[in-house]
Each structure stands twice: as structure tokens, then as C-alpha cells.
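# Report on the structure
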Amino acid sequence: MTRIGAAPSRTRRPRRPGYAGAGAVFAIGMAGTTLPTPLYGLYQQELGFSDLTVTLVFAAYAVGVIFTLLVAGGYSDVTGRRPVLLYALGLGALSAVCFLLVGGLPLLFAGRVLSGFSAGLLSGVGTVAVLELAPPEQKARAGLVATAANMGGLGCGPLLAGILAEYAPAPLVLPFVTHLVLLAVAAAVVLALPETVGDARRWAPLRPQGLSVPASVRGVFVPCALAAFAGFALLGLFTSLAPSFLAETLGVHNHAVVGLVVFSVFLGSTLGQWLVGHIPVARALPLGCLILVAGLLLVAASLWTESLALLVAGALGGGLGQGVAFRAGLSAVGDAAPPAHRGATISSFFVVAYTGISLPVVGVGALTLWLGLVGAGLTFSACAIVVTGATGLYLLRHRPPAS
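Note that the structure is a prediction, hence the values are computed from the model and not measured. (Residues numbered from 1 in each chain as written. Predicted model: local features only at pLDDT ≥ 70, side-chain atom pairs only at ≥ 80, totals over all residues. Heavy atoms only, no water.)

### As for the environment of Tyr354
Among the structural elements, Tyr354 can be located in helix H14 (residues 342–397). Its relative accessible area of 1% is what places Tyr354 among the buried residues. Residues Tyr354 and Gly90 lie 264 residues apart in sequence; the distance between their C-alpha atoms is 21 Å. If near-sequence neighbours (up to four positions away) are discounted, Tyr354 is found in contact with Met30, Tyr61, Ala62, Val65, Ile66, Leu69, Ser123 and Phe232. (Helix = DSSP H or I, 4+ residues; strand = E, 2+ residues; numbered from the N terminus. Buried < 20%, exposed > 50% of the residue type's maximum accessible area, 1.4 Å probe, protein only. Contact = heavy atoms within 4.5 Å.)

### Quick word on the packing of helix H6 (residues 105–133) against H14
In contact at an axis separation of 8 Å, H6 and H14 are set at 135° when each is read in the N-to-C sense. The angle between H6 and H14 falls in the class oblique. Crossing angle aside, the handedness with which H6 passes H14 is right-handed. Packed against H6, whose contacting residues are Ser123, Gly124, Thr127, Val128 and Glu132, the element H14 presents Arg342, Gly343, Ile346, Ser347, Phe350 and Tyr354 at the interface. Split into classes, the residues belonging to the contact of H6 with H14 amount to 4 nonpolar, 5 polar and 2 charged. (Axes fitted to C-alpha atoms, helices over the stretch in contact; angles between N-to-C directions. Parallel < 35°, antiparallel > 145°, perpendicular 65-115°, else oblique. Left-handed = near helix turned anticlockwise from the far one by under 90°. Nonpolar A, V, L, I, M, F, W, Y, C, P; charged D, E, K, R; others polar.)

### Quick notes on the nonpolar core
Ranked by size, the top nonpolar core spans 93 residues in total, and within it Phe232, Phe238, Phe349, Phe350 and Tyr354 carry the most contacts. Counting residues in hydrophobic clusters, the runner-up holds 16 residues, among them Tyr40, Tyr43, Leu108 and Ala165. (Core = buried A, V, L, I, M, F, W, Y, C linked by side-chain atoms within 4.5 Å.)

### Describing the pattern of salt bridges
In a structure, side chains of opposite charge can pair up when their charged atoms sit close to one another. On inspection of all chains with the given rule, the structure shows 1 salt bridge. Between Arg81 and Glu132 there is a salt bridge, with its nearest N and O atoms 2.9 Å apart. Residue Arg81 is located in helix H5 (residues 81–100), and its partner Glu132 is located in helix H6; the two are separated by 51 residues in the primary sequence. Residue class for Arg81 comes out buried when judged on its relative accessible area of 5%. (Salt bridge = Lys/Arg side-chain N within 4 Å of Asp/Glu carboxyl O.)

### Observations regarding empty space enclosed by the protein
Tallying each qualifying case throughout the model produces 5 cavities of 30 Å³ or more. As for the largest cavity, its lining consists of Leu237, Phe238, Leu241, Ala242, Phe245, Val299, Leu303, Leu311, Val364, Leu373 and Gly377. Mapped onto the lining of the largest cavity, the elements with two or more residues apiece are helix H9 (218–240), helix H10 (242–248), helix H12 (281–305) and H14. Sorting elements by how many residues they give to the lining of the largest cavity places H14 first, with 3 residues. Per-class residue counts for the lining of the largest cavity are 10 nonpolar, 1 polar and no charged. (1 Å grid on protein atoms, 1.4 Å probe; cavity = no way out; pocket = protein on both sides within 12 Å on 5 of 7 lines; lining within 4 Å. Points joined across faces, edges and corners; volume = space filled by probe spheres on them.)

### Re the layout of surface pockets
If you add up the space inside the second largest pocket, you get close to 250 Å³. Around the second largest pocket, the lining is made up of 16 residues, and of these Gly41, Gln45, Pro243, Ala247 and His253 lie nearest the centre. Looking at the lining of the second largest pocket, the elements with two or more residues in it are helix H2 (40–47), H10 and helix H11 (255–275). Of the residues forming the lining of the second largest pocket, the biggest block, 5 residues, is contributed by H2. Looking at the lining of the second largest pocket, its residues break down into 8 nonpolar, 7 polar and 1 charged.

### With respect to the packing of aromatic side chains
In total, this model carries 11 aromatic pairs according to the counting rule given. Between Phe99 and Phe176, the ring centres sit 4.9 Å apart and the planes meet at 0°, which makes this aromatic pair stacked. In this pair, Phe99 sits in helix H5 while Phe176 sits in helix H8 (residues 174–192), placing the two residues 77 residues apart along the sequence. For the pair formed by Phe99 and Phe176, the shared burial category is buried. (Phe/Tyr/Trp six-rings, centres within 6.5 Å; stacked < 30°, edge-to-face > 60°.)

### Some thoughts on the confidence of the model for the protein
With 92% of its residues at a pLDDT of 70 or more, the protein shows a mean pLDDT of 84. For the protein, per-element mean pLDDT is lowest for helix H4 (residues 75–79), which scores 78, and highest for H8, which scores 96. Taken together, the stretch residues 1–13 has pLDDT below 50 and engages in 0 contacts with residues farther than four places along the chain or on a different chain. (pLDDT = per-residue confidence, 0-100.)

### Brief notes about the side chain of Thr127
Relative to the helices and strands, Thr127 is located in helix H6. Judged by relative accessible area, Thr127 falls into the buried class, the value being 1%. What Thr127 contacts, discounting residues up to four positions off in sequence, is Phe26, Leu122, Ala146, Leu330, Ile346 and Phe350.

### Let's talk about H5
An ideal rise of 1.5 Å per residue puts 28 Å on 20 residues; H5 measures up with 29 Å between its terminal C-alpha atoms. Buried within H5 we find Arg81, Pro83, Val84, Leu85, Ala88, Leu89, Gly92, Ser95, Ala96, Cys98 and Phe99. Buried residues belonging to H5 abut helix H1 (19–34), H2, H4, H6 and H8. (Expected span 1.5 Å × (residues − 1).)

### A word on the packing of H1 against helix H7 (residues 139–167)
The geometry of H1 relative to H7 is characterised by a closest axis approach of 6 Å and an angle of 30° between their N-to-C directions. As judged from the angle between their axes, H1 and H7 are roughly parallel. Crossing hand, H1 versus H7: right-handed. Where H1 abuts H7, its residues Tyr19, Gly23, Phe26, Ala27, Met30, Ala31, Thr33 and Thr34 lie against Arg141, Ala142, Val145, Ala146, Ala149, Asn150, Gly153, Leu154, Gly157 and Pro158. Partitioned by chemical class, the residues of the contact of H1 with H7 number 11 nonpolar, 6 polar and 1 charged.

In C-alpha cells, the structure reads:
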């Protein structure tokens, strides 16, 4: 019985995780997509395939990402953020199971395609979920959390796998078992997240939209997407061919070191995203391209001189430039997109980015057959420097309007 004059009792609701929880889910999911990177050498020994096959396996992942972004990029705008996050984690788990059962190339390709499907869903919905769960006064910090979770997660995948493969038993088993455990934790966090789509239709039919960028956003979208394309091309090079270069040219066979080198480019990206917080987008985009060019020059020098130190410096410098341009571009596009089309617009942004991470890398893989790893890497570096420099000049002359 309630006493007269007593304040009514209030039932305390359990506190739900906010944008930081969504960022953790995003990072765990993305880590699985780069987990196999330092393990390709072991798969090559076990299955006996070439460096070109490595790039084709990597391309299968990128094709999965792009396909998913085109087909389901805006699906979370209709069905809600939480269901799509759970779908993405489920696809990541299926990918891990494929790698655990690998006995030949078919399952290797299947694992990478499923991983691409997972990354395609996460790239859009993970970013939007983090931004929408943040209170208004923390929007800038949420933008950093979203991009850092993306790049940081991608970087932690090879670092985790490299350490486990080098210093723990079952190098082709334990990394994926570990990730399955992390995915289970992430799924529990998703179930506790509040839904941010008010009129979500849980079982809405999937209606592919292709590239969907509202006309009002295109003035911001085009220059930002160009910068993302250039930066992701560098990430593609490091996640596909850097392990082979380290082993075949520099004689580095320690899987932990390979994972650390690949991690360094994503560490540079995360640092760049942190530094860009107080730089206006119109300046950050061309500045990011300029730093990226400097990083590419260091990468080319490392290939020419066969220097591990220069390779790491190029990874950090190039990643720094990529991070500056990426966060500025993603924040500008996310702010400019209307809420009803935000998921689809951000997914279109990632389509352009992942085109940069796939097509150039396949070209480099094909060039290795004629020019070798060093010659192909130098050719890629030269082309990327030209493209990135031209993008920077374009951004100086066509600065994105304020959102």
C-alpha cells in the first residue's frame, strides 16, 4: 500500500548501452573481415596457390561488400538498425565457420564472400547506429567513434590473428574460434541496444536500390567519395599483398610482425580521424590527400630499397592521410543526408570506397605475374599517387559546401 503523500515508486529500468556499445559491436564485426590477412601465407603453403589467387580471394570479399551495399544498403532505414546488425554478425559467424572447415579454395572463397556480406551491412548500419544513438552534444565524438570503430576494427583483425598464429596453438583454428566468441558477445550487446528507427517494419521485403544519393547531397557526396576511393586503395594494398611482400622480399615470416605491419596502416587511419576533429571539412579533405601522397611515396621507397622501416612509415603516413580524409568525408555525407535516406546514402559512400579497395588490388595481383611483387607495387604506388594528387587538386578547387 502506498502511503498518502509519499512519492510514487519508480521502477528503475536497466541502463542500455549507447553509441559506445554500438561502436564496440561495429569494431568486433569489422575485425573478422581482416582476420585472415596474416594467415594467407599459411593457406598458400597448405593449399598451394599463387599471389594472384590471394588478390582474387581478397576481391571476392570486396565484391561481397559492394553487392551487399547495392542490394541492402538502405535496408536498415526500413527494418530498423538492430535486426540488420544481427544479420551482419550472423554472416560474420558463418564466414568464421567456413574458415574453420577450409580444405580447399571453394570454402576459402565462400568465407571471404560471406565476410564481405557482413562488412557490407556493417559499414552502413554500424555507422548510422553509432551516430543516431549519440546525444546531440556528443555528435562530434560519435563521428569519431564510428570511423575509429570501422578502421580500428579492421586493424585489430590482422593483429589478433597474427599474434595467435605465432604464439598460440592451432594457427588456422584459434583466431576464428576467438572471433566467434566475440561475435556472441556483440550479439548480446545488440539485443540490449535501443532501436532508433521509429516506424521500423521488422520483416519488410528487401528492395534493392542500387546507388542512392539524394540530389541535395551530391555536392557534398562526390568530392568526399573521391577522397575515400583514393584512401581505400592504399588499405587494399596492405591487406592483400603486404604479407606476401614481407615474406618473399623482406624475409619476414613472423605472423605477429606481419599482423603488426598491417595494423599500422589502420592505426595511422584511426589517429588521422582523431586529429581531424577541429579541422573544417573543406580543409581536411585536400589535406588528407596530401598526407596520403606522402605516405605512398614512402611505400614506393620501401619497395625500391626493400626497407621494413620505410614500409611501416609509409603505412602510418598513408593511413594518417586516409583517416583524415575518410572521417571528414563520412561526417560531411552523414550530416548532409536526410534521416530517411541516411543509411542508403552512407552505404553508397562505402560502395565507392570499396571499389577503391578492390579493383586496384586485383590489377596489382595480375601485374605480379609479369613484374613481380616489387614491380607491381611500384606501379600501383605511381598510379595511386597520380590519382590521389589529382583528387586533392580537385578538392581544393571544388570544396564541398557546408552541410
